[in-house]
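Spelled out, the chains give:
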Amino acid sequence: MYTFGFYTLLGLTSATPCAVLVGTGVAAGYGLLIKGGDVLEKMQSVNTVVFDKTGTITSGDAKLSSIETLLATDHAVMQNLPNEVNANNFVLWLACVAELNSEHPIGQAIVDAGKAIWGDDIPRSKHGVSLEKFNAVPGNGVECVLQSAVWGAYGVRVGKREWAKAALREDVVVAPDDDATGDEEVEAMRRRGAIAVYVSFWNCRVPSQKRIVAGVLGVNDPVKPEALSTVRALQQMGIDVWMCTGDSSMTALAVADKVGIRPENVIAGVSPSGKGEMVSELQQEVLMPCRTLCFWKPAQRTVAMVADGVNDAVALAKSDVGFAIGAGTEVAVEAADVVLVKSNLQDVVVALHLSSVVFRRILLNLCCAMAYNVCALPFAAGLFTPFTDFRLPPAAAGFMMAISSVSVVTSSLLLRTYRKPDICEDGKLGRMPAKSSSTSHQNLIRSQKYSGLPSSEIEIV
Ligand code: ADP
Ligand code: MG
């Protein structure tokens, strides 16, 4: 009787870990690295997903699209420029030098454009220019000091407008100037969804000098092809989709519009710590009745954050489930609970779908194990012996005890037959077509036709 009770408990307690273990393995097969079984359990109650913009919704494969020079050509710094640097490309050159050691997609786009002009010697070290004190400030940009035998030491900042234009010293009040601002050009860039990157410089030897904006670069970062279908699929699952970015609101709204995120769910101009605060605030909110993936409707929001950058680490750590883009920074991958190894946004949908399937399997396991044990316990306790003279043979009792656990394990192992849903362009989830042998045969015929190789030398993938 006691032994049977022990096995009953064993069957019930193995219902959850078995399913979670198999579910984690299945997820790994689809390129989802889940750090712990509790994450899979938490995922099924997610009802809010917050996407970062740059490098997450956008591809991170950014390209320089425009250069606006705001500095007068007769400015002292424009004199004695290094070889192959002139008034037309001076802004790009300053930005390239500052971004040389940057990991950010914006930095890489700027450096790529510079390499096309100056090759591998962007700082023009052969002309006596050297680079010092590189500093990347997450969510703002990069800065460095340029040393030149001709001009001396110049500080350079590349990034957000407020940061690039910030006063050099709080105790020195700089009079408002009539410098060109390029506001109209910047607005046009942002309306197209491009990122406006400000380039400023200052003379390090003159402490009272202000930062001078040399120009603005437009960087185009295209939206990932699967972003729209992912957002639609999540919305159809009843999930509230948000976007949070350190970029300007105009660019953010243009990108949100392309992927179907409602403008009221877009939070722009947020600092790295601000992103964390935003996630905490959302977690405190009581959600209006909303269909969720699980069977009950939690009153509080359960927030998943999907992001790629150093500046997202706080938000990833604070969220209930943090998803890091595999191609993102190491810091983001470390801080997240799930890594999207293939960097495909649709895998967020797959992860949430799989977690709901695993959760349902856990419930099924628990119900079956409970029902089985409730039925079998009276036999084991000898409840019918006084009336029917029936006694359970010890071998049969042992067999029945084992069956309880075996059924739970088998039911969990059946999760291995899970096939990820096919996500249509309109966000609808369909069945993934099974690979049929006839398809493989057709592929073989097609490969033969185009390669001219005999069938024995062609490998079917
Ligand atoms: P997101 O939050 O969308 O991922 P980031 O936080 O990475 O965006 O960047 C926010 C803003 O900070 C960018 O739009 C850009 O203006 C500025 N920025 C950040 N890093 C850089 C960089 N390396 N070079 C230039 N600008 C940068
Ligand atoms: Mg980012």
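Residues numbered from 1 in each chain as written. Chains lettered and ligands numbered in written order. Predicted model: local features only at pLDDT ≥ 70, side-chain atom pairs only at ≥ 80, totals over all residues. Heavy atoms only, no water.

Things to note about the layout of surface pockets
Here is step 1 of the chain: A volume near 1,000 Å³ is recorded for the largest pocket.
Here is step 2 of the chain: The wall of the largest pocket is formed by 48 residues, among which Thr 54, His 104, Pro 105, Ile 106 and Gly 139 lie closest to the centre.
Here is step 3 of the chain: Going through the elements one at a time, α3 (53-57), α5 (105-118), β4 (129-137), β5 (141-148), β6 (152-159), α6 (161-165) and β7 (195-203) are the ones with two or more residues in the lining of the largest pocket.
Here is step 4 of the chain: Of the residues forming the lining of the largest pocket, the biggest block, 4 residues, is contributed by α5.
Here is step 5 of the chain: Considering only residue class, the lining of the largest pocket consists of 14 nonpolar, 22 polar and 12 charged. (1 Å grid on protein atoms, 1.4 Å probe; cavity = no way out; pocket = protein on both sides within 12 Å on 5 of 7 lines; lining within 4 Å. Points joined across faces, edges and corners; volume = space filled by probe spheres on them. Helix = DSSP H or I, 4+ residues; strand = E, 2+ residues; numbered from the N terminus. Nonpolar A, V, L, I, M, F, W, Y, C, P; charged D, E, K, R; others polar.)

Quick notes on empty space enclosed by the protein
Here is step 1 of the chain: A full pass over the atoms with the stated rule returns 1 cavity of 30 Å³ or more.
Here is step 2 of the chain: In this model, the largest cavity occupies a volume close to 30 Å³.
Here is step 3 of the chain: Val 20, Leu 40, Glu 41, Gln 44, Ser 355, Val 358, Phe 359 and Ile 362 are the residues that line the largest cavity.
Here is step 4 of the chain: Elements supplying a minimum of two residues to the lining of the largest cavity: α2 (37-43) and α13 (346-380).

Overview of helix α4 (residues 90-99)
Here is step 1 of the chain: Within α4, 10 of the 10 residues are buried, which leaves it mostly tucked inside the rest of the structure.
Here is step 2 of the chain: When α4 is considered as a whole, its buried residues turn out to be Phe 90, Val 91, Leu 92, Trp 93, Leu 94, Ala 95, Cys 96, Val 97, Ala 98 and Glu 99. (Buried < 20%, exposed > 50% of the residue type's maximum accessible area, 1.4 Å probe, protein only.)

Focus: the confidence of the model for the protein
Here is step 1 of the chain: On average, residues of the protein score 82 in pLDDT, and 84% of them reach the 70 mark or higher.
Here is step 2 of the chain: Contacts from residues 434-461, a stretch scored under 50 in pLDDT, to residues over four places away or in other chains number 13 contacts. (pLDDT = per-residue confidence, 0-100. Contact = heavy atoms within 4.5 Å.)

Side note on the pattern of salt bridges
Here is step 1 of the chain: As enumerated under the stated definition, the model contains 11 salt bridges in all.
Here is step 2 of the chain: The salt bridge partner of Arg 301 is Asp 240, with a shortest N-O separation of 2.9 Å. Remark: Asp 240 occurs in strand β9 (residues 240-244) and Arg 301 occurs in the loop between α10 (272-284) and β11 (303-307); sequence separation between them is 61 residues. Residue Arg 301 shares its accessibility class with Asp 240, and that shared class is buried.
Here is step 3 of the chain: One salt bridge in this structure joins Arg 301 and Glu 285, with 3.1 Å as the shortest N-O distance. One end of the pair, Arg 301, is in the loop between α10 and β11; the other, Glu 285, is in the loop between α10 and β11, with 16 residues separating them in the sequence.
Here is step 4 of the chain: By relative accessible area, Arg 301 is classed as buried at 8%.
Here is step 5 of the chain: Put simply, Asp 240, Arg 262, Glu 264, Glu 285 and Arg 301 are held in one network by salt bridges that share partners. (Salt bridge = Lys/Arg side-chain N within 4 Å of Asp/Glu carboxyl O.)

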